[in-house]
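Architecture and fold: a report
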Amino acid sequence: MTQTRGNRAALVSIVLILVGIPTSILGYQYWLRPALAEHRVIDIATRVPENGGFSPDLVRAEVGETITLRFAVDDVAHGIAIGPGLDIDLGQIDPGHVGEITLTLDTPGIYTYYCNTWCSPSHWRMRGILEVVDPNASGSADAPSDPIIEALIAASVDIDAEPQLSEGILPDRSHGEQSFETVEVPPNLLDPTWRLSHTPAEGLVALRAKNPGSGDDVLTDVTAYLWSEPTPTIEIKELFAKNCAACHGERGAGDGPAATSTIETPVAFADVAWFRRGDIWYAKIRRGGMGTDMPNFGTLFTVEEARLLVDYLWYLSFK
Amino acid sequence: MRQSPTDGGRLDVLGRMPRLRRVVLSRAFQPVLMLLLLAPFALAVVAGLLGTSAGNRNFGIVFVWIVWWAVLMVLLVPGLGRVWCTVCPIPAPGEWIQRRGIIGGVAKLRTLGLRWPRRLRNMWVQNAGFLMLALFSTIILTRPSVSAAVIVGLTGTAVGMSLLFEKRTFCKYVCPIGGFIGLYSMVAPIELRVRDAQVCVDHRSKDCITGNENGYGCPWMIYPGKLDRNLDCGFCTECLKTCTMDNVVINLRRPGTDLGKPVSAKRIDEAFKALIMLACSIIYPAVLFGPWATVKEWAGIESFGGWLIYAAAFLTATLVFMPGLFWLAVSRGQKRSCSGLTIRQAFNEYAHALIPLGLASWIAFSVGFALTNGSYALAAISDPLGWGWNLFGTREAGWTPYLSGTAPAIQAAILLGGLIFSVRTSLRIGFRHDPSGTTTMQATAPVAAFLLACTLILLRLYLG
């Protein structure tokens, strides 16, 4: 009799262990935990793109809704950021750890959660979409227009054309700063918008016209100084370091640790800077490079961040 | 109850502790312990299959290969011998199916009752199984899903064998873990024995073999009356329950009492078990902690070709190189000895001298491993699947190696203790065959040199 009771108790224990443990785990994770949460929790499995990338890679939320995104990193260290314009960077998350962010988005639009730590050869494909919709508005959120890119397209500028190399031209920005007061600078060269759509080579032509008595070496250095203004901030340097340096190198020399794995060798900025328009660099950042491994960052960076990055590329191009 | 004997320095533990005796004699004793252990192992399997693939954050890896392994090798085996086999949940489902019950099922077992092939009634299958696990250990120890598959595979094999073969055939002849636990349990200061072998001879019903209403006949197919070493006994305590003559006891004893007893010339499997274990205890720290990154990559199967090289080197080291060197040492000693032993006989007997050093080497390895990685347990308890839970508020506990400055000294002390124990064992074997002691030193000196060489290699690995 006692043995029968004992056997029954033991059998119940076994069932509890073998059925109860997995059921409890799954029930807690997928039912109880979300039920206890104050707001919606979205668990996002985070792996290198070769193993699935973000799962899910599309999250929908309503304007004003508070959600918690939980990035469970599974394989290698990833850096999770959300953009554009949200200034959310969870930093590096090691395997087995979970990065968590609770946010309330008040502006409808398409945002991107992405990895900003080089994690695999397909690192740049590691992106997911956070779509914030206004339930009271009809239709889905349209991608915002980009006047700079639209202007390039309207002018039939080939964004992906092979750049002319600046061989033998080695301007000195510091020397240009010292010589700046000694030369007459045309007003359009002082206009950042003009500089954005013109190459330094074109700027040099304008400077020569105003300063026929000055040597070309001085004018070249002044041009470099003008194009590499303003001095980059720490934030923009970090943005470059996290998102660009893996391919283009810390100093923009095209020698990043991932440079050998890209379809085309990443450009060294100094090699092409003299004949490069800033708006083309901007377009490449925002739209990506066709036929290369240069990803689009238009869904990650704001327009302002892309503009500041272009400034930083000039800064890196001229010593 | 009879008085506790103190024969040969032995102390009847249960005689001194009647409450514990009542617990052990209960038929629920072993099943309850197995059930208690089944829960964390089931969680380890679920975590391994569903949880994060980051081993250091997965309960399946942290619990099994850091916590369990350290407890097993540092505490249970050296302190309590085969006691893990008492509580091991891996054979439990198969045994319960056989018995059609958990706490005292029916006497007739549900099994085809096949007998294990005579040629395999030794440790060779266990040796092969351990080598297989060892060959893949770097992925078993780091990949939760693989670790879970190993546990499920062992349990499934145990269940299958329970349906086909008699009693605990799996545990006795196949389990790769039970093999080395049995070997090293001979060092332990605890044993299950009969008080008086003659009582067993005279006792006609032999309840310890047939079983009775108090318990099963020995699941390990042993006649306790002839049990003289821990290697063969699974410590399941059934004979304690079934013995109507109160003739079975659990003794505290001097550590290593089983070592140096006569070994059959046929039992070269035991000698190889000791050599394989000692060789692995050298190879493991060399691969895992050594400066040879390429070897570690090969062992981690980062390339199949590299792993093949590693596997060939590993098997050569464990099955040819170490046994070959030991054979040379033993044969050199026997040439100078007047013991009259054949080389093969001496090889088997002196292999017992490898056991204390082998155990010490595994303890040293496990102590270092546990001190270095034990802190992972804090996070794994709170977040067993790496899903971001924080059940006990310790999820963010960082990796903290403990006693990193003193661990090498602790490891060195353990190794030196093992060396002394092993040399004493070899001397004991030598004196048994040469009571006059005239050639004992000559016979044992090469074996001692072999032991010293192994110890020096290990000290070099741990002390740098």
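Use the structure listed above.
Note that the structure is predicted; figures quoted are calculated from it, not measured.

1. Considerations on the overall build of chain B
The helix and strand inventory of chain B stands at 22 helices and five strands. What you see for chain B is a C-alpha radius of gyration of 23 Å, in line with the 23 Å of a compact globule of 464 residues. If you line up chain B on its principal axes, its C-alpha atoms span 60 × 60 × 40 Å. Pairs at least 24 apart in sequence give 79% of the contacts found in chain B among residues at least 6 apart. For chain B, the computed accessible surface area is about 18,800 Å², with 67% contributed by carbon and sulfur atoms.

2. Comments concerning the nonpolar core
Of all hydrophobic cores here, the largest spans 142 residues; its most connected members are Leu-72, Phe-180, Tyr-184, Phe-326 and Trp-362 of chain B. With 15 residues, helix 15 (residues 268-289) of chain B is the largest single contributor of residues to this core. Split by domain, this core shows at least three residues from each of two domains, domain 1 (1-258) and domain 2 (268-385 + 398-463) of chain B. Ala-81, Leu-196, Leu-207 and Phe-318 of chain A belong to the second-largest nonpolar core, a separate cluster that totals 46 residues.

3. Examining the layout of surface pockets
Residue and element names in this part refer to chain A. The volume enclosed by the largest pocket comes to roughly 850 Å³. Surrounding the largest pocket, 43 residues form its lining, His-248, Pro-266, Val-267, Thr-292 and Met-294 being those nearest its centre. Where the lining of the largest pocket is concerned, the elements lending two or more residues are strand 8 (109-115), helix 7 (234-243), helix 8 (245-248), helix 9 (269-272), helix 10 (278-287) and helix 11 (303-317). Residues that form the lining of the largest pocket fall into these classes: 25 nonpolar, nine polar and nine charged.

4. Some remarks on the interface of chain B and chain A
Listed as interface residues are 26 residues of chain B and, on the opposing side, 25 residues of chain A. The junction of chain B with chain A conceals about 2,000 Å² of combined surface from both sides, 64% of it contributed by carbon and sulfur atoms. Together, Ile-103, Trp-387 and Trp-389 of chain B form the three largest contributors to the area buried by chain B at its contact with chain A, with a combined 27%. Inspection of the region where chain B meets chain A yields zero salt bridges. Where chain B packs against chain A, one counts nine residue pairs in polar contact (both at pLDDT 80 or more). For the side of chain B that touches chain A, the element with the highest residue contribution is helix 3 (residues 29-50) of chain B, accounting for seven residues. Looking at the side of chain B that touches chain A residue by residue, the class counts come to 15 nonpolar, seven polar and four charged.

Thresholds, definitions, all that
- Residues numbered from 1 in each chain as written.
- Chains lettered and ligands numbered in written order.
- Predicted model: local features only at pLDDT ≥ 70, side-chain atom pairs only at ≥ 80, totals over all residues.
- Heavy atoms only, no water.
- Helix = DSSP H or I, 4+ residues; strand = E, 2+ residues; numbered from the N terminus.
- Rg over C-alpha atoms; globule rule 2.2 N^0.38 Å.
- Contact = heavy atoms within 4.5 Å.
- Areas by Shrake-Rupley, 256 points an atom, 1.4 Å probe, with all protein chains shown as cover.
- Core = buried A, V, L, I, M, F, W, Y, C linked by side-chain atoms within 4.5 Å.
- Buried < 20%, exposed > 50% of the residue type's maximum accessible area, 1.4 Å probe, protein only.
- Domains from an automatic or database assignment.
- 1 Å grid on protein atoms, 1.4 Å probe; cavity = no way out; pocket = protein on both sides within 12 Å on 5 of 7 lines; lining within 4 Å.
- Points joined across faces, edges and corners; volume = space filled by probe spheres on them.
- Nonpolar A, V, L, I, M, F, W, Y, C, P; charged D, E, K, R; others polar.
- Buried area = accessible area lost by both parts, 1.4 Å probe.
- Salt bridge = Lys/Arg side-chain N within 4 Å of Asp/Glu carboxyl O.
- Polar contact = N/O pair within 3.5 Å; in protein donor to acceptor, adjacent residues only side chain to side chain.

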